[in-house]
Amino acid sequence: ASAGKIFVACAILKLVEQKKCSLDSCIGEILDFKLNEIDPKITIRQLLNHTSGIPDYFDESVMDEYAELWVDFPNYRIRSSSDLIPLFIDKPMMFKPGEEFQYNNTGYVVLGLVIEKITDVPFDAFLSRVIFEPCDMKSTGYYELDRLPENCANAYIFDEKKNEYYTNVYSVDAKGTGAGGAFTTVEDIEKFWTHLKNGDILPKSIVAEMMSSKVESGEYGYGFWVSKVNFPYFQGSDPGVSFVSSCDDEGLLIVLVSNFGDDVWRIHKELRELLA
């Protein structure tokens, strides 16, 4: 689910490190499609820390279930970040860029599109090149739900009326986008943390910036949430999916992944209290 935003943030910051864009680059200077009412002066920085005000195709402050999106728009058509453009392009801005913090899925879809425009390859191919392959994350990728590789778990939702489980194949994007949707394993996430903190993906100075809060409210950096007791974590929730992972300065690494929507946040809190 949205845990994949951390990979997109790393890829964008890799492009910044390579001087192919900057945190203050505006989307109107990069993207080549008509933005309509979307402010072309929105910056990459504002997209990264959810202060852009860009219209959100899935506004979690007013929508409860991600599956609601597909009532009128078939989810099997979503196989790239650009496939989501019709869901937000005609909406008005939520607020002026930089005015406030509000978690925003469209922002990371657009970051995926920025990656594709700058690199001229699909965003997930660039993520594989700069993150998954160098970190030996062989079981991580963005797969289409009707073309899953072997040994890949489905995600399940419980139907209380029928007292049975069903898969989420009609409840989420057919393939993940910049907003999230990667497949991964606990072991691969451990490799990601190790390589990230060692400075293998990005310089340690940039990683430190990612893990420090950039907003007055919301406790968010670049792709990372930052807890009140000052440890970074990333998380995600979709129908049939829940994920949270944290790593503090003392090396306590926790990775919780569920393919039937467990309350991983409660388990995470209990684990931290127990291990502390």
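Structure first, text after, so check above.
Residues numbered from 1 in each chain as written. Predicted model: local features only at pLDDT ≥ 70, side-chain atom pairs only at ≥ 80, totals over all residues. Heavy atoms only, no water.

1. Quick notes on the overall build of the protein chain
And then number 1: Scanning the protein chain from N- to C-terminus turns up eight helices and six strands.
And then number 2: Tracing the protein chain from N to C terminus, the helices and strands come up as α-α-α-α-α-β-β-α-α-β-β-β-β-α.
And then number 3: Whereas a compact globule of 276 residues would reach a radius of gyration of roughly 19 Å, the protein chain reaches 18 Å, a difference of no more than 12%.
And then number 4: Dimensions of the protein chain, computed from the C-alpha atoms along their principal axes, are close to 50 × 45 × 35 Å.
And then number 5: Looking at the protein chain as a whole, 51% of its 276 residues qualify as buried.
And then number 6: A separation threshold of at least 6 residues defines the contact pool for the protein chain, and within that pool the share at least 24 residues apart is 64%.
And then number 7: As presented, the protein chain carries roughly 13500 Å² of accessible surface, and 48% of it is formed by carbon and sulfur atoms.
And then number 8: Seen as two clouds, the 26 positive and the 44 negative side-chain charges of the protein chain have centres 5 Å apart. (Helix = DSSP H or I, 4+ residues; strand = E, 2+ residues; numbered from the N terminus. Rg over C-alpha atoms; globule rule 2.2 N^0.38 Å. Buried < 20%, exposed > 50% of the residue type's maximum accessible area, 1.4 Å probe, protein only. Contact = heavy atoms within 4.5 Å. Areas by Shrake-Rupley, 256 points an atom, 1.4 Å probe, with all protein chains shown as cover. Lys, Arg positive; Asp, Glu negative; His and termini not counted. Charge placed at Lys NZ, Arg CZ, Asp CG, Glu CD.)

2. Topic: the nonpolar core
And then number 1: One finds F7, L48, Y57, L127, I131 and F192 to be the most contacted residues of the largest nonpolar core, which totals 83 residues.
And then number 2: Ranked by residue count, the leading element in this core is helix α1 (residues 5-17), at nine residues.
And then number 3: Residue contacts for Y57: discarding those within four places in its chain leaves M63, Y66, L69, L84, L87, F88, K91, N105, T106, V109 and A179. (Core = buried A, V, L, I, M, F, W, Y, C linked by side-chain atoms within 4.5 Å.)

3. Some details on the pattern of salt bridges
And then number 1: According to the stated counting rule, one finds 14 salt bridges in the structure shown.
And then number 2: Notably, a salt bridge pairs E273 with K269, separated by 2.7 Å at the nearest N-O pair. Pair noted here: E273 and K269 are both in helix α8 (residues 264-275), with a separation of four residues, about one helical turn.
And then number 3: One network of salt bridges, with partners in common, ties together R79, E144, D146 and R147. (Salt bridge = Lys/Arg side-chain N within 4 Å of Asp/Glu carboxyl O.)

4. A few points about a nonpolar patch on the surface
And then number 1: Taken together, Y156, F158, Y165 and F260 make up a surface patch of nonpolar side chains, about 410 Å² in accessible area.
And then number 2: Inspection of the secondary structure puts F260 in the loop between β6 (253-258) and α8.
And then number 3: Residue class for F260 comes out partly exposed when judged on its relative accessible area of 44%. (Patch = residues over 30% accessible without salt bridge, like charges linked within 9 Å, V, L, I, M, F, W, Y side chains within 5 Å.)

5. Notes on the sheet that holds strand β5 (residues 241-247)
And then number 1: The strand order across the open sheet formed by four strands is β3-β4-β5-β6, and the pairing between neighbours is antiparallel. Two strands lie at the open edges of the sheet, namely β3 (225-226) and β6, each paired on one side alone.
And then number 2: The pairing of strand β4 (residues 232-238) with β5 spans six bridges and is antiparallel. Directly across from Y233, in β5, lies its bridge partner S246. (Pairing = 2+ DSSP bridges.)

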